[in-house]
Amino acid sequence: MMKYRNFTLSIACLVLWQCTSTATDAPQETASEASDSASVVVADDQTAAETTPPEPEENYGNFTRDELETALLGEIGGMRGYMPQAAESYYHLGMETGDPGILGRALEFASAVGNARAMQEIANRWLEVEPNARNPHLVIGYQYIEQGQFIRAIPHLEQVLELGGDIDFALISARTFNLEDRQRNIIIERLTAIQSRYPEQTSLYLALAQLHDQSGKTESAQAQLDQARERFGDSPRILLVEAQILQNSDRNEEAESLLALGVERYPRHRLLRYSFAQLLVENSKLEAAAEQFDALMAARPGDVETLYSLALINLELERLTVAESQFRELIQARHRSDEAHYYLASILQDRGATDEALRHFGQINRQSNAWLSAQRQRLQLLVDEQRYQEASDTAGEIAEARPELAPVAANLQAQALISAQEYERAAVVLDQALAVAPENIDLLFTRARLNETLDDFPATEADLRAILSIQPDNAQALNHLGYSLTVRTDRYEEALTLIEQAITLMPDDPAIIDSLGWIQFKLGYLQDALVNLQRAYDAFPDPEVAAHLGEVLWSLGRQGEAMMIWQEGLDKDPDSEFIHDALERQEIELPL
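Residues numbered from 1 in each chain as written. Predicted model: local features only at pLDDT ≥ 70, side-chain atom pairs only at ≥ 80, totals over all residues. Heavy atoms only, no water.

Draft legend 1. Here's a closer look at the overall build of the protein. The helix and strand tally for the protein stands at 34 helices and two strands. Counting across all 592 residues of the protein, residues that qualify as buried make up 44%. Once local pairs closer than 6 in sequence are excluded, the contacts in the protein between residues at least 24 apart make up 48%. (Helix = DSSP H or I, 4+ residues; strand = E, 2+ residues; numbered from the N terminus. Buried < 20%, exposed > 50% of the residue type's maximum accessible area, 1.4 Å probe, protein only. Contact = heavy atoms within 4.5 Å.)

Draft legend 2. Structural view of the confidence of the model for the protein. Confidence in the prediction for the protein averages 85 pLDDT; 86% of positions are at 70 or higher. Confidence drops under pLDDT 50 across residues 1-61; counting only partners more than four residues distant or on other chains, this segment forms 42 contacts. Counted against residues more than four places away or in other chains, residues 63-81, with its pLDDT under 50, gives 45 contacts. (pLDDT = per-residue confidence, 0-100.)

Draft legend 3. Layout of the packing of aromatic side chains. Counted according to the given criterion, the structure contains seven aromatic pairs. Ring centres of Phe327 and Tyr343 lie 5.5 Å apart, and the angle between their planes is 25°; this geometry places the pair in the stacked category. With Phe327 in helix H19 (residues 320-333) and Tyr343 in helix H20 (residues 337-351), this residue pair connects regions lying 16 residues apart in the sequence. The class of Tyr343 is partly exposed, set by a relative accessible area of 26%. Taking 5.0 Å as the distance between ring centres and 20° as the angle between the ring planes, the aromatic pair formed by Trp518 and Phe521 counts as stacked. In this pair, Trp518 and Phe521 both sit in helix H30 (residues 510-522), three residues apart, roughly one turn of the helix. The exposure class of Trp518 is buried, given its relative accessible area of 5%. Members of the aromatic cluster, joined through ring pairs, are Phe327, Tyr342, Tyr343 and Phe361. (Phe/Tyr/Trp six-rings, centres within 6.5 Å; stacked < 30°, edge-to-face > 60°.)

Draft legend 4. Representation of H30 in the model. Here H30 spans 18 Å end to end across 13 residues, near enough to the 18 Å set by a 1.5 Å rise per residue. Within H30 the residues assigned to the buried category are Ile512, Ile513, Asp514, Ser515, Leu516, Gly517, Trp518, Ile519, Gln520 and Phe521. At its buried positions, H30 is contacted by helix H28 (475-488), helix H29 (492-505), helix H31 (526-539) and helix H32 (543-555). Sitting at the head of H30, Asp509 places a side-chain oxygen 2.9 Å from the backbone nitrogen of Ala511. (Expected span 1.5 Å × (residues − 1). Polar contact = N/O pair within 3.5 Å; in protein donor to acceptor, adjacent residues only side chain to side chain.)

Draft legend 5. Focus on the environment of Leu496. Structurally, the position occupied by Leu496 is in helix H29. Sequence separation between Leu496 and Gly482 is 14 residues, and the spatial gap between their C-alpha atoms is 6.7 Å. Look past the residues within four positions of Leu496 in its chain and what remains in contact with it is Leu516, Ile519 and Leu523.

Draft legend 6. Seen up close, the pattern of salt bridges. Summed over all chains, the structure comprises 36 salt bridges. Across the salt bridge formed by Arg117 and Glu121, the nearest N and O atoms sit 3.0 Å from each other. Highlighted residues: Arg117 and Glu121, both in helix H7 (residues 116-129), separated by four residues, approximately one helical turn. For the salt bridge of Glu253 with Lys285, the shortest nitrogen-to-oxygen distance reads 3.4 Å. Here Lys285 lies in the loop between helix H16 (270-282) and helix H17 (286-299) and Glu253 lies in helix H15 (residues 252-265), a separation of 32 residues in the sequence. Here Lys285 falls in the partly exposed class, since its relative accessible area comes to 31%. (Salt bridge = Lys/Arg side-chain N within 4 Å of Asp/Glu carboxyl O.)

Draft legend 7. Just the packing of H19 against H20, in detail. Between H19 and H20, whose axes approach to 9 Å, the crossing angle comes to 145°. Judged by the twist between their axes, the crossing of H19 over H20 is left-handed. When H19 is examined against H20, the residues Leu320, Ala323, Glu324, Phe327, Arg328, Leu330 and Ile331 are found in contact with a partner set consisting of Ser337, Ala340, His341, Tyr343, Leu344, Ile347, Leu348 and Arg351. Of the residues in the contact of H19 with H20, the class split is 10 nonpolar, two polar and three charged. (Axes fitted to C-alpha atoms, helices over the stretch in contact; angles between N-to-C directions. Left-handed = near helix turned anticlockwise from the far one by under 90°. Nonpolar A, V, L, I, M, F, W, Y, C, P; charged D, E, K, R; others polar.)

Draft legend 8. Looking closely at unusual backbone geometry. In this structure, Asp250 takes a positive phi of about 60° despite not being glycine. Inspection of the secondary structure assignment puts Asp250 in the loop between helix H14 (236-248) and H15. Residue classification places Asp250 among the exposed positions, given a relative accessible area of 71%. A positive phi is found at Ser284, a non-glycine position, where the angle reads about 60°.

As structure tokens, then:
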């Protein structure tokens, strides 16, 4: 924390001392000198006022009165919370005077308001007057790191070492994951040279280990850690970097064992335990992770970020009562409140507390990543409760709050209405939205599905072809149109062409593979159909796919296998219209 009050008092004392000094130390004018000055004759009709020399500006130490007033105003502004104004005052004063003390204070204020440009300019000005000052080199080096200019940062960081300071070089390696190897190799070369001159700098070994690991040089990375252990002994930081290297080599179990050992050896090291807990989550060991997060909470009860992690784990473990309490605590603490509102609302929704769930969904900030998903769930909840007018109003709120999302809001509203079988109202919403945004792919898809539900194939085809005119390589539209042609017309060759285009774009999509198998069956290519439908069923054992696979097996004389597949489908969905239609076409009934 900056000590505004103490600094202000010291400046004020300096002003008072200088004023007193000026009053008592000024030379006294003698009576004769006063008489002589009064009898001076002004030549050339100049007035006495014109010949009176200007009163010299008083100086206070190294500063003028105006400069001191600027400093005082800056300090007072800082105390009262006017940080940008204080930072601006000190910036100009420091740049004008070049005084190291003022420049240092200007740096503090610029840092407090996050003005990176001012920080760099102040630091450069400071180096002009004090080339051997450590702080400006430190500031410039860190600014270059933040900007990703690591090679330009290194000379300044090295200068800090030469001036007797200390640097954490891992600040560089923490930001170099996405660099090209050529750039990373230059950094490795520069840091290795510094390491040879300053072998007692622990962070150099850790930074070089991370840099080598990022370049895929695991052995070189491990060698740096071994040197660090030999020179400095083991430490939590060495264990953390080593665990990271193991994880990057897909040796998660080894990393987990190493961190477990580290937590046992350094039980109070918070980052070590937190990393261990996170790795347990990645390894799907949620119970064990919860134990570590509980230990972190016990050591620091007010750590809300740890509380958030623990709440998510408890939600995943379906400890809903505990998770609910923790999300409420996060909302109370105003930490990650948007996410907490979202997850709490989801818990309440599953419990059937609809009104409270709606309230929490509605409290999520519109700028949050969770906002749109929350509005989708609000709409669906309202439709499920047959509160159609509220659903319509909510969609209107979405469009009003975020005008760019008006098509999304309309699409959400239409989907909710379709779910409620309010087909006419959904059609009106979609038609109005498409009149404004005629090329919106999502709206066209939703209307195509609605028209398909209404058994209006010409309208369905028109919307799907509209999508393909905008996006000719839209695999979903190609597949949807091809499948619709297969089941609703005898335009099989046209359907096959569309589905083959789709499968080329998305060769592993089970829905498209199912469509391909079904059109092959319609065209009489039974063996090809069997291969594709079996592949689709293995990937996605849906009742509709089961119905298709069963019919192919039946046609190939493998009735027992067909009936087994159909039975599996009915076990999942006893009312599947696809399987019942297949059974009806074969005029058979499955045994009870």
